[in-house]
Every structure is written in structure tokens, then in C-alpha cells.
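Observations on the three-dimensional arrangement
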Amino acid sequence: EPEVTQTPSHQVTQMGQEVILRCVPISNHLYFYWYRQILGQKVEFLVSFYNNEISEKSEIFDDQFSVERPDGSNFTLKIRSTKLEDSAMYFCASSEATGRETQYFGPGTRLLVL
Amino acid sequence: SQQGEEDPQALSIQEGENATMNCSYKTSINNLQWYRQNSGRGLVHLILIRSNEREKHSGRLRVTLDTSKKSSSLLITASRAADTASYFCAIQGTYKYIFGTGTRLKVLA
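Residues numbered from 1 in each chain as written. Chains lettered and ligands numbered in written order. Predicted model: local features only at pLDDT ≥ 70, side-chain atom pairs only at ≥ 80, totals over all residues. Heavy atoms only, no water.

What follows concerns the layout of surface pockets. The space that makes up the largest pocket amounts to roughly 510 Å³. As for the largest pocket, its lining consists of 23 residues, and the residues nearest its centre are Phe105, Gly106 and Pro107 of chain A together with Leu43 and Val44 of chain B. Looking at the lining of the largest pocket, the elements that each hand over two or more residues are strand 10 (104–105) of chain A together with strand 5 (43–50) of chain B. Looking at the lining of the largest pocket, the element that brings in the most residues is strand 5 of chain B, giving three residues. When its volume is computed, the second largest pocket comes out at roughly 430 Å³. Residue lining of the second largest pocket: 20 residues in total, with Gln37 and Gly40 of chain A together with Gln37, Ser86 and Phe88 of chain B positioned closest to the centre. (1 Å grid on protein atoms, 1.4 Å probe; cavity = no way out; pocket = protein on both sides within 12 Å on 5 of 7 lines; lining within 4 Å. Points joined across faces, edges and corners; volume = space filled by probe spheres on them. Helix = DSSP H or I, 4+ residues; strand = E, 2+ residues; numbered from the N terminus.)

With that settled, consider the pairing of strand 8 (residues 75–79) of chain A. Residues and elements named next belong to chain A. Counted residue by residue, strand 8 has four buried out of five residues, so it is predominantly covered. Relative to strand 8, strand 3 (residues 19–24) runs antiparallel, the two being bridged by five bridges. Counted as the bridge partner of Val19 is Ile79 from strand 8. Inspection of the sheet shows strand 7 (residues 65–68) paired to strand 8 by four bridges, in the antiparallel sense. Each bridged residue has a counterpart across the sheet, and for Phe65 the counterpart in strand 8 is Ile79. Taking the residues that link successive antiparallel strands as the turn, the strand 7-strand 8 hairpin has six residues. (Buried < 20%, exposed > 50% of the residue type's maximum accessible area, 1.4 Å probe, protein only. Pairing = 2+ DSSP bridges.)

In this model, Thr7 of chain A is joined to Pro8 of chain A through a cis peptide bond whose omega is -10°. For Pro8 of chain A, the location among the structural elements is in the loop between strand 1 (5–7) and strand 2 (10–13). Backbone torsion omega between Asp7 of chain B and Pro8 of chain B reads 0°, so that peptide bond is classified as cis. The residue Pro8 of chain B is located in the loop between strand 1 (5–7) and strand 2 (10–14) in this model. One non-glycine residue, Asn51 of chain A, lies in positive phi territory at about 55°. In this fold, Asn51 of chain A is placed in the loop between strand 5 (43–50) and strand 6 (53–57). When its relative accessible area of 59% is taken as the criterion, Asn51 of chain A is described as exposed. Its identity is not glycine, yet Ala78 of chain B carries a phi of approximately 45°, on the positive side.

A few words now on the interface of chain A and chain B. Counting from both sides, the interface comprises 22 residues of chain A and, opposite them, 25 residues of chain B. Of the roughly 1,900 Å² buried where chain A meets chain B, counting both sides, 50% is carbon and sulfur surface. At the junction of chain A with chain B, the criterion picks out one salt bridge. Joining chain A to chain B, the criterion identifies eight residue pairs in polar contact (both at pLDDT 80 or more). For the side of chain A that touches chain B, the secondary-structure elements that each account for two or more residues are strand 4 (31–37), strand 5, strand 6 and strand 9 (88–95) of chain A. Top contributing element to the side of chain A that touches chain B by residue count: strand 4 of chain A, with four residues. (Contact = heavy atoms within 4.5 Å. Buried area = accessible area lost by both parts, 1.4 Å probe. Salt bridge = Lys/Arg side-chain N within 4 Å of Asp/Glu carboxyl O. Polar contact = N/O pair within 3.5 Å; in protein donor to acceptor, adjacent residues only side chain to side chain.)

Listed below in C-alpha cells is the structure:
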């Protein structure tokens, strides 16, 4: 069964460093998403992406964040200058369409900012 | 806010018993999803129920939706130790899901 994959599974970085989290969505899916989950808290929406554009973003997704689909398979989340509070599990998701379709989540990247 | 709110926050039962979790939300929805998350792991999709559906089944899982009460429930029958996890409802907006805070289920062997 097709699945969303994410790399790395864990990343440790120093505050102020840039990180890039990578995702390979399910191949026939058109919509891509990033969510995050701070330890012990609920899953929070960051951004959705379709047709090489951001469709919607939350207030968490400030200028320090960016997303890109650099080729036909990868979808990346970049955090330009990490802060301690960026430590969280980051989930990528994809769906065939939006509004009424299931989003399939990857296993997540656990980011720790020291 | 469309946020789903689950209750109870935590539930501990014996293996073989049924577990019921509830989700309430505030606005109209297109659909509602239930996900499972094992500790520190990813989100596994369980069931999607659309706004025009009232009940769906998948194996030992049964989900109901009452749009008049803006609530949904997830029933796990004949629970197993492997069902121990956090369960989330997610309200679907146009481009995003809004997740509730989850119910932590512990099934004791």
C-alpha cells in the first residue's frame, strides 16, 4: 500500500540553524500538508500546498518557514533559523483532493532544537 | 473555532471490554476523521465519516456522527492491548484538518 515517507526520522540542531525536513507524498496525490505536534500537545496545522502554491497557512507558519516541491516527488519544509520552541514532531500529509478526502500522514520527523 | 474536543481525556479498560470515545465540535463540517497515534509515532487513519453519513464500521471500529448535536463517537469493541494509543478526531476544513486534544486509551492485559 502506498505511504507517505519522511526523512530524517530524528534531527537535532542548534538554535539559529536552518533545517530542511523532507517528505515524499503518495505518488498520485495532489495536495500536500505539514503539521506539527509539540510533545504532549495536539496536532497543529502549518500549511497546505497545491499546484506549487501555498493554499492555506496557519499563524504558526511565519517568515521563518517555507515549503517547496523541488522536483516531482519531494516536498520540503524549511525552518530558516530554528528556535527552541520549534522542537516538535513534524508530520507531512498528502491527499488526492481537498475538502472531502482523507489525508494520509507520514511517520513524522522529531526535531529537537538545543 | 472548529476544533474537535474529545472526551474522556484518558480511558483505562480491561482487555476484551469496549472503549467509547467522543468528539464534539462547533461548526458545520464536510467530514470528520478518526486517527490513532501510538506513543511518539505517526498518525494512522482509522475511519472517515462524511457529513451525510450517520454510522460507519471497520472491523472492530464503529463511528457515529450526529450533526445535529455536532458530535461523533468512536467505539472499539473487544479491545486488545495493542489498541493502547491516543485517538484523535479531526475536523476537515477546506485545506486542513483541525485536531482535537485526543483520548489516551490504555488497554490492560
